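# A closer look at the structure
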Amino acid sequence: KKSNDAGLYYCKGLFHRYKGEPQLALQSFNNSRRDGVFGEESINNMVEIYLNPDNEPLWANSENDSIKLPSQSSLKAVGELITELKEKGFNPRIVVYETYSMMITREKRAIESAIQKLQELLNTRKDYVPAIVALATAKLLNKKAPDARNQLKIIAKKVYQPEYAEEYERAWLMLADIYVSTSKYDLGEELCAKSLKYNKSCGKAEEYFGLIKEKEQSYQDAADHYEKAWKLASEKSASIGFRLSFNYLKAKRYIECIEVCKAVLKEFPEYPKIEKEILTKARHSLRA
């Protein structure tokens, strides 16, 4: 009975996590984290949520000075949970979590220490996918995109392993991001398509598809992809809502544009950028 309860809490945690409700997910995982069957995976999920509650790619914001860093209380919680994992015995994933907690501070010295730690791990486990992806992330944060690309190409050539599904997806999307930033759109689209092949609800892949179409000035196609990404984010992402409304505006779909702007402002009233740059223009265009 106790393990059944823990299993239910674990499933609820996954549901809330992928629905974009990190606090509810943490509460559920906390109720299953001491269980003999579901405990370790519950702790893994808690660590990942504390490190990245908004589920935004760490690498995509490496140039953004206004990025929201994790709070000291979150980093403290990560440290305590990693200690719990260590008590269960050695697992290379623990080293990967430690390096993410270092690099997420964005401090150059911490990132370099994380790189060294990951390289040491890969010296003994050269095919360990989570470490390869973490090393690529650290290289990107350290402004070494060519090095990161080389690491990611290793993953791209590997046979897909379901137990590392999230790491494969992260690697494909990171590599797609690099290709899009260098205008290699066809290569970026291939990787997004691969992500969607294994995960039909990969909103980030739809977002990159939208970005590619937007850069190609195919605003109607871009809007279609951003619309899927918006729905997959439960219509709770300010950045996706902004891009969707922008492409609706460019595609002259003014009513849908206004509706999305209102939805974003209702969820994020402190996001006036969308009102100034898009909503006002859509209203003027509709009246014209």
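The structure we're discussing is the one just above.
An account of the accompanying structure is given in this report. Just so it is clear, the structure is predicted and the values come from calculations on it, not from any experiment. (Residues numbered from 1 in each chain as written. Predicted model: local features only at pLDDT ≥ 70, side-chain atom pairs only at ≥ 80, totals over all residues. Heavy atoms only, no water.)

## Describing the side chain of Ser42
Using the following cut-off: Helix and strand assignments follow DSSP, with helices taken as H or I runs no shorter than four residues and strands as E runs no shorter than two, numbered in order from the N terminus. Pairs of N or O atoms within 3.5 Å make up the polar contacts considered here, provided that, within protein, one atom can donate a hydrogen while the other can accept it, and that residues adjacent in sequence are counted only when both atoms are side-chain atoms. Residues count as neighbours in contact if any of their non-hydrogen atoms are within 4.5 Å of one another.
Checked against the element boundaries, Ser42 lands in helix 3 (residues 39-51). Side chain to side chain, Ser42 and Ser32 meet in a polar contact 2.6 Å long. Apart from residues lying up to four places away in sequence, Ser42 is in contact with Tyr10, Phe29, Ser32 and Arg33.

## Re the pattern of salt bridges
We count it as follows: The term salt bridge refers to a pairing of a side-chain nitrogen on Lys or Arg with a carboxyl oxygen on Asp or Glu at a separation within 4 Å. Partly exposed describes any residue whose relative accessible area lies between the buried limit of under 20% and the exposed limit of over 50%, with all areas from a 1.4 Å probe on protein chains only and scaled to the type maximum.
Evaluated as defined, the whole model comprises 19 salt bridges. Between Lys19 and Glu21 there is a salt bridge; the shortest N-O distance is 3.6 Å. Owing to a relative accessible area of 34%, Lys19 belongs among the partly exposed residues under this scheme. On the basis of relative accessibility, which here comes to 17%, the residue Glu21 falls in the buried class. The closest approach of N and O atoms between Lys231 and Glu227, which form a salt bridge, is 3.7 Å. Taken as a pair, Lys231 and Glu227 lie in helix 12 (residues 219-232) at a separation of four residues, close to a single helical turn. Taking the relative accessible area as the measure of exposure, Lys231 reaches 54% and is therefore exposed. By relative accessible area, Glu227 is classed as partly exposed at 21%. Through salt bridges with shared partners, a single ionic network connects Asp224, Glu227, Lys231, Arg253 and Glu256.

## A few points about the nonpolar core
Looking at soluble globular proteins, one finds that nonpolar side chains tend to be buried together. The cut-off we apply is this: In this description, a nonpolar core means a group of buried Ala, Val, Leu, Ile, Met, Phe, Trp, Tyr and Cys residues linked to one another through side-chain atoms lying within 4.5 Å.
Judged by nonpolar contacts, the single largest core of 59 residues is most densely connected at Val96, Tyr100 and Met103. Broken down by element, the residue count for this core peaks at 10 residues, all from helix 7 (residues 129-141). Residues contacting Val96, with those up to four places away along its chain left out, are Leu118, Leu121, Tyr128, Pro130, Ala131 and Ala134. Ala229, Phe242, Leu249 and Leu279 belong to the second largest nonpolar core, which has 22 residues in total.

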